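What the coordinates show
The lines below spell out each chain.
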Amino acid sequence: MKNSRLIIFASLVLVGILITQLNQIPNLDKQLLQAKETLKQAKTSQEQSQTIVSSPQAQQDNVVDSTKRVTSFVKTFSNQPTSSYPETLKGMASQKVINELTQTFAPSVTFSDKAHYEVPMVAIRNAWGSDLEYLVVAKSDAQSVAYTITYDTDEKQITDMSRLTLKGAFDNEK
């Protein structure tokens, strides 16, 4: 009788431990998913760091592509009427930049139908990171205009720009 009570007690203790362990399985699954997600983020971060450190060629290709896009953007908005900016610049620049161009820059710069703007200078100011900074000069027969432009390589579009005052070699405005 004593042995059967002892066996029943031990069985109840073991059943209690088993039930407790089975109740913890959903929590352990959640912890496993969180650990996998954290590991994935860490691997992605490490790959990005290794790419920048080990292959500057990729960053150089990124800069070349971005420079072409910035040059194309300046040529496009400089040689288009202001009313067409929302359509022609969509995808090239953020809505904030398009609004600034329409409301602020364009009225102060003469973009006539006869004037044709060239982009003789595109200089990069910051070539590392996801935001590349450019100095761009647009020049026509009548005037020259300079801009600082921030290009986001992740979004693949211009996210910020401001107009600069020109003095010196490019200052042919009368």
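Going by the structure above, here's the rest.
Because the structure is predicted, anything quoted here is derived from the model rather than measured.

Section: the nonpolar core
With 22 residues, the main nonpolar core has F73, F77 and I149 as its most contacted residues. Sorting the residues of this core by element identifies α3 (56-78), α5 (95-108), β2 (131-139), β3 (144-152) and β4 (157-164) as the ones contributing at least two each. In terms of residue count, the dominant contributor to this core is α3 (5 residues). Sequence-distant contacts of I149, defined by excluding residues within four places in its chain, comprise V70, F73, V74, L132, E133, Y134, V136, I158, D160 and M161.

Thoughts on the pairing of β3
With 8 of 9 residues buried, β3 lies mostly within the body of the structure. Looking at chain direction, β2 and β3 are connected through 9 bridges and run antiparallel. Paired with D131 across the bridge in β3 is D152. The sheet contact formed by β3 and β4 spans 7 bridges and is antiparallel. Within β4, the position partnered with T148 by the bridge is S162. The turn linking β3 back onto β4 is made up of 4 residues, and K156 within it adopts a positive phi angle of 55 degrees.

Quick look at the pairing of β2
Both strand β1 (residues 118-126) and β2 contribute to a ladder of 6 bridges, which runs antiparallel. Considered in β2, the bridge of V122 is made with V136.

Describing the pattern of salt bridges
Within the structure shown, the criterion is met by 3 salt bridges. Its salt-bridge partner being D65, residue R69 comes within 3.1 Å of it at the nearest N-O pair. Placement of both R69 and D65 in helix α3 is noted, with a separation of 4 residues, approximately one turn of the helix. For R69, a relative accessible area of 35% gives the class partly exposed. Across the pair K96 and D160 runs a salt bridge whose closest N-O atoms are separated by 3.0 Å. One end of the pair, K96, is in helix α5; the other, D160, is in strand β4, with 64 residues separating them in the sequence. For D160, a relative accessible area of 33% corresponds to the partly exposed category. Beyond isolated ion pairs, a larger network of salt bridges with shared partners links K96, E100 and D160.

Procedures and definitions
Residues numbered from 1 in each chain as written. Predicted model: local features only at pLDDT ≥ 70, side-chain atom pairs only at ≥ 80, totals over all residues. Heavy atoms only, no water. Core = buried A, V, L, I, M, F, W, Y, C linked by side-chain atoms within 4.5 Å. Buried < 20%, exposed > 50% of the residue type's maximum accessible area, 1.4 Å probe, protein only. Helix = DSSP H or I, 4+ residues; strand = E, 2+ residues; numbered from the N terminus. Contact = heavy atoms within 4.5 Å. Pairing = 2+ DSSP bridges. Salt bridge = Lys/Arg side-chain N within 4 Å of Asp/Glu carboxyl O.

Treat this as a map of the structure, not an account of what it does.
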